[in-house]
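Geometric and topological summary
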Amino acid sequence: MQIKAEEISQIIKGQIKDYENKVDLSETGTVISVGDGIARVHGVQNCMAMELLEFTGGILGLALNLETDNVGCAVLGDVRKIKEGSVVKRTGKIAEVPVGPEMEGRVVDGVGFPIDGQGPINAKETRKIEVLAPGVIARKSVHEPCYTGSKAVDAMTPVGRGQRELVIGDRQIGKTALCVDAIIAQKNTDVHCIYVAIGQKKSTVALVVEALRKHGAMEYTTVVAACASDPAPLQYVAAFAGCAMGEYFRDNGKHALIIYDDLSKQAVAYRELSLLLRRPPGREAFPGDIFFNHSRLLERASKVSDELGAGSLTALPIIETQAGDVSAFIPTNVISITDGQVYLEPNLFFSGVRPAVNVGLSVSRVGGAAQVKAMKQVAGTLRLDLAQYRELAAFAQFGSDLDKATQAQLTRGERLVEILKQPQYQPLPMEKQVTILFAGTKGFLDSLPVKSLAEYEKQLFEYIAQNEASIFDDLREKQAFDAALEEKMKKTLTAFGDTFKASMGLN
């Protein structure tokens, strides 16, 4: 049998031709259907989970469902520009965002593109948005405070570096305000901040950015904004993108604070995404892995061991409740993941107690480990005093005659509630918090009218700064009360109390 050279060359040519097609099919694909932010793509056979795919016009998509005959892809951009039959290319890159100090002072979208009109970001590094959280061995227990600047939080539900403290409450009762104050409180510290706005109105995000800029906090803060008008995939991805930016600082031995505002809207975006991808729904139509979605995000906040640089990433996730229902699906999920919660109560808010922290339902599972000794010394009995006051106040409403001890307790409690009030955008450093709490818990305010306490606090700080500045210096350095400092504090408070009463005509 004779072998013909032409036949062999024909076969080889045919195989080479088909080979090109096979390679092409595994690297490119076509859009089968598109709508509601989801594109189904045929082809791209070697596609990886969470890989970025490129549509015509440079729009990116995130591969979420890898099925036998197609890939379910979340479109991270304007879905109207994508048509059926258009070509899709693999990028070979798992979804990542730019990270580093270049991101500070900027406002970016859910995938790290700048949206503040200040030109491109020349970040030198990128990081995958999905990485495994540090394991048990890589971690260290939380032991340094991360001050929020709010007296009520730092005294009773302290937050430590590497902790996850949930801020929970109904809408419009100061959750964002508390977290924005926590960012402003990091001024002149070594903490870098990331504020992730998920599903907020653009006007609300603009107000937050303006407030941060006005108080000089924008220079160490990155704002990741996936607003209500953005597609659901961007709202879902934004939290992970912000987390990757915070992890850059943690893994380089620095400290970062991240605020997720808020995770209930992220859960809703993820539910929308999952239902469109035809994943089976579970309770309240949320997908089965909604708990995993939040846990793998929040577990990435941690304090890492000395061998890994002792950096930390502290998370303050926000959850919005409906009519104070803390036992709903998403709130209970996130409460079980975090290391405590600050519960804000509408009744307190509308009665003028702001921040409206409910002492009974708020808890920090790190507790005293995240407080300096001075704060423990003044705030040790504060929670108990307030709880007893609330109970007595409920009974005192019936107007029965009260004995002296009960009256004294009511007087003290009333004044403690008053000094825990705080105006917005005015976070206090530790030494000032300790000073006013010392005055409250040691009875220096008992003889003053409740209405005069805001003025008392303001004048007290000015008086100490001018006449006894060493008190603030000692508290900053020693971070504890010794006999000499306590004596000095008592003398100063007594002397100031007399001048204050005289100036206000209270004698």
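Summarised in this report is the structure supplied together with it. (Residues numbered from 1 in each chain as written. Predicted model: local features only at pLDDT ≥ 70, side-chain atom pairs only at ≥ 80, totals over all residues. Heavy atoms only, no water.)

Throughout the structure, instances matching the rule amount to 27 salt bridges. The shortest N-O distance in the salt bridge between Lys265 and Asp262 comes to 3.0 Å. For Asp262, a relative accessible area of 2% corresponds to the buried category. Among the salt bridges present, the one from Asp446 reaches Arg412, with a minimum N-O distance of 3.0 Å. One end of the pair, Asp446, is in the loop between α13 (430-441) and α14 (453-467); the other, Arg412, is in helix α12 (residues 404-419), and 34 residues separate them in sequence. Under the relative-accessibility criterion, Asp446 is labelled partly exposed at 25%. Shared partners join several salt bridges into a network, and the residues in it are Arg127, Glu247, Arg250, Asp251 and Arg300. (Salt bridge = Lys/Arg side-chain N within 4 Å of Asp/Glu carboxyl O. Buried < 20%, exposed > 50% of the residue type's maximum accessible area, 1.4 Å probe, protein only. Helix = DSSP H or I, 4+ residues; strand = E, 2+ residues; numbered from the N terminus.)

Moving on, we get to the sheet that holds strand β3 (residues 51-55). Reading around the barrel, the six strands line up as β1-β2-β5-β4-β3-β6 and close back on themselves, with antiparallel pairing between neighbours. On average, each strand axis in the sheet is inclined to that of its neighbour by 45°, with strand direction left out of account. Strand direction decides the pairing type here: strand β2 (residues 38-43) and strand β5 (residues 71-76), joined by four bridges, are antiparallel. Bridged to Ile38 within β5 is Ala74. Helix-sheet contacts for helix α5 (residues 232-251) involve β4 (60-66) and β5, and the interaxial angle to β5 is about 85°. (Pairing = 2+ DSSP bridges. Axes fitted to C-alpha atoms, helices over the stretch in contact; angles between N-to-C directions. Contact = heavy atoms within 4.5 Å.)

A word on the packing of α13 against helix α15 (residues 469-478). One way to put it is that α13 packs onto α15 with a least axis distance of 9 Å and a crossing angle of 110°. The angle between α13 and α15 falls in the class roughly perpendicular. Here α13 and α15 pass one another in a crossing that is right-handed. Contact residues: α13 offers Met430, Glu431, Lys432, Val434 and Thr435, while α15 offers Phe472, Leu475 and Arg476. Residue classes in the contact of α13 with α15 are distributed as four nonpolar, one polar and three charged. (Parallel < 35°, antiparallel > 145°, perpendicular 65-115°, else oblique. Left-handed = near helix turned anticlockwise from the far one by under 90°. Nonpolar A, V, L, I, M, F, W, Y, C, P; charged D, E, K, R; others polar.)

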